[in-house]
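Residues per chain are reported as follows:
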Amino acid sequence: MQRPALEVADIFRAHGSAWRQAQHGHLSLGQLKVMSAIEQCRSAALGGHLLRCDACAQVQIAYNSCRNRHCPKCQARAARRWLEARQADLLPLDYYHVVFTLPAPISAIAYYNKALIYDLLFEVAAETLRTIAADPKHLGAQIGVTLVLHTWGSALTHHPHVHGIVAGGGLALDGERWVACKPGFFLPVRVLSRLFRRRFLEELHQAHRSGRLQFFAEHAALSDARAFAQWLAPLRQCEWVVYAKRPFAGPAAVLAYLSRYTHRVAISNQRLLALDERGVTFRWKDYRATGNTRHKTMTLATDEFIRRFLLHVLPGGFHRIRHYGLLANAGRREHLARARQLLHVVLTATESHPPEAAATNIAPTFVCPHCGAAMMVIETFVRGQPIRAPPLLRVAA
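About the criteria used
Residues numbered from 1 in each chain as written. Predicted model: local features only at pLDDT ≥ 70, side-chain atom pairs only at ≥ 80, totals over all residues. Heavy atoms only, no water. Helix = DSSP H or I, 4+ residues; strand = E, 2+ residues; numbered from the N terminus. Rg over C-alpha atoms; globule rule 2.2 N^0.38 Å. Buried < 20%, exposed > 50% of the residue type's maximum accessible area, 1.4 Å probe, protein only. Contact = heavy atoms within 4.5 Å. Lys, Arg positive; Asp, Glu negative; His and termini not counted. Charge placed at Lys NZ, Arg CZ, Asp CG, Glu CD. 1 Å grid on protein atoms, 1.4 Å probe; cavity = no way out; pocket = protein on both sides within 12 Å on 5 of 7 lines; lining within 4 Å. Points joined across faces, edges and corners; volume = space filled by probe spheres on them. Nonpolar A, V, L, I, M, F, W, Y, C, P; charged D, E, K, R; others polar. Salt bridge = Lys/Arg side-chain N within 4 Å of Asp/Glu carboxyl O. Pairing = 2+ DSSP bridges. Axes fitted to C-alpha atoms, helices over the stretch in contact; angles between N-to-C directions. Phe/Tyr/Trp six-rings, centres within 6.5 Å; stacked < 30°, edge-to-face > 60°.

Moving on: the overall build of the protein chain. A tally of helices and strands in the protein chain yields twelve helices and 14 strands. Its C-alpha atoms give the protein chain a radius of gyration of 24 Å, near enough to 21 Å, the size a compact globule of 397 residues would have. A burial count over the protein chain gives 47% of its 397 residues as buried. Of the contacts made within the protein chain by residues no fewer than 6 positions apart, 71% connect residues no fewer than 24 positions apart. Charge separation in the protein chain, taken as the distance between the mean sites of 49 positive and 27 negative side-chain charges, equals 2 Å.

Residues other than glycine predominantly adopt negative phi, and peptide bonds predominantly adopt the trans conformation. Of note, the phi angle at R67 is positive, near 60°, even though the residue is not glycine. Take R67: it is sitting in the loop between strand 2 (59–63) and helix 3 (76–86). Unlike most non-glycine residues, H344 shows phi in positive territory, near 60°. Residue position: H344 is located in the loop between helix 10 (332–343) and helix 11 (349–352). According to the relative accessible area criterion, H344 is exposed, its value standing at 70%.

The next point concerns empty space enclosed by the protein. Summed over all chains, the structure comprises two cavities of 30 Å³ or more. As for the largest cavity, its lining consists of 19 residues, of which D89, L90, Y95, T146 and L327 are closest to the centre. Among the elements of the structure, helix 3, strand 5 (144–152), strand 6 (158–167) and helix 8 (251–261) are those that each provide at least two residues to the lining of the largest cavity. Residues of the lining of the largest cavity, tallied by class, amount to 14 nonpolar, three polar and two charged. In this structure, the second largest cavity encloses a volume near 130 Å³. Lining the second largest cavity are 14 residues, and of these H70, W152, V265, A266 and H312 sit closest to its centre. Broken down by element, the lining of the second largest cavity gets its largest block of residues, three residues, from strand 5.

Before going further, it helps to spend a moment on the pattern of salt bridges. Counting across every chain of the model gives 17 salt bridges. Two residues, R307 and E304, come together in a salt bridge whose shortest N-O distance is 2.9 Å. With a gap of three residues between them, R307 and E304 both fall in helix 9 (residues 302–310), about one helical turn apart. E304 sits in the partly exposed class, given a relative accessible area of 23%. A cluster of three or more residues bridged by salt bridges with shared partners is formed by E127, R198, R199, E202 and E203.

To continue, consider the sheet that holds strand 10 (residues 272–276). Read across the sheet, three strands follow the order 10-11-12 without closing on themselves; strand pairing throughout is antiparallel. Only two strands of the sheet have a single partner each, and these edge strands are strand 10 and strand 12 (295–300). Pairs of neighbouring strands in the sheet enclose a mean axial angle of 20°, with direction left out of account. Alignment of strand 10 against strand 11 (residues 279–285), held across four bridges, turns out to be antiparallel. The residue of strand 11 that forms the bridge with A274 is T281. Docked against the sheet, helix 9 engages strand 10, strand 11 and strand 12, running at close to 110° with respect to strand 12.

Before going further, it helps to examine the sheet that holds strand 9 (residues 242–245). Read from one edge to the other, the open sheet built from five strands follows the order 9-3-6-5-13, with strand pairing classed as antiparallel. Edge positions in the sheet fall to strand 9 and strand 13 (321–325), since each of these pairs with one other strand and no more. Here the strands of the sheet are splayed against their neighbours by 25° on average, with no regard to which way each runs. Pairing of strand 5 with strand 13, which is carried by five bridges, proceeds in the antiparallel orientation. Looking at the pairing, V148 lines up with I321 of strand 13.

The tally for this structure, following the rule as stated, stands at 13 aromatic pairs. Ring plane angle 80° and centroid distance 5.6 Å describe the contact between F196 and W240, whose orientation is recorded as edge-to-face. Residue F196 is found in helix 6 (residues 189–209), and its partner W240 is found in the loop between helix 7 (225–232) and strand 9; the two are separated by 44 residues along the sequence. Like W240, F196 is buried. Cluster of aromatic residues (ring-pair linked, three or more members): F100, F196, F200 and W240.

Take the pairing of strand 7 (residues 169–172) next. Examined bridge by bridge, strand 4 (residues 141–142) and strand 7 share two bridges and lie antiparallel to one another. What sits directly across from Q142, in strand 7, is L171. Pairing between strand 7 and strand 8 (residues 178–180): three bridges, direction antiparallel. Considered in strand 8, the bridge of L171 is made with W178. Taking the residues that link successive antiparallel strands as the turn, the strand 7-strand 8 hairpin has five residues, and the phi of G175 there is positive, at about 75°.

Now the structure itself:
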């Protein structure tokens, strides 16, 4: 694959050092690590290996990847591995795409409370889907949900939301039959929105009462319980955005969609157009516009571009892809086996033994760009320097 003309790494290498100095004391350790990783990705700083083609004897140097989950260059292979593991979970049904979005005021305080509020977004969205689906007035079934967190809008603004992928049906509450949803309709969006709003605000209020929320700058006054209650009041009345798209065109379309969404980062290198004295120019999509006018270009000052990119660095160890209900790790295998039994799905030998089948068709890790044959590693060389951020300053007792 040809290297893009401009990469996030190029921007960080050219302007990252000066920006770090200007922002000294205002960056988290995680943000510093992400900048360092992206700057060094696939460069001599991380070491690499020498490759030789088995067919044409072409020799090539390949530098190591940083494998940071925020790096635009390191997600394709991770996405492929994840998708191969998820293929076994697909059922021969329609799949629906639902999205739960936080209102702008909550997004503003979420930046300083990422782990807590992003966790709430996952848990309340999953609870909402499962509760409404289990209601006999709607579906009356246990469903399986995969949720993926995105924290950005197309212009790199802070816009936390989760994408949900849900099969069009579920196990009856007694586990004895499969309950299919109505063709082309999963669950009522208005009902989902109302429950999501109520449950999220209840959990947010409880988090404030237990002292788990932090407030800074213009939001510092919200530490007071009365001020926080007044701030929450309008959010109980406004509409919360929850929507569901029409069903995918079969399980294959679900995988194609997931391959684009599960391991996406704030901006891909393919969207970058220019880096010059004006700043960084990139493509973005304006969802408020219609037709071809949606696709636009934007130029941000380089400092602002770096700031917006780093808004989306997740807390260490935070899982941005999660499974609930029938797909929860604890009972996934048993639940899917029962679902296939009720749907009368017969697995082929390849599907029944995916690890052995896959082992006989492993694609080469390195492919010759000249003839397409496999390339072998004939020599390795160590990294020039480690990926690490400056150590935290210790405060004297």
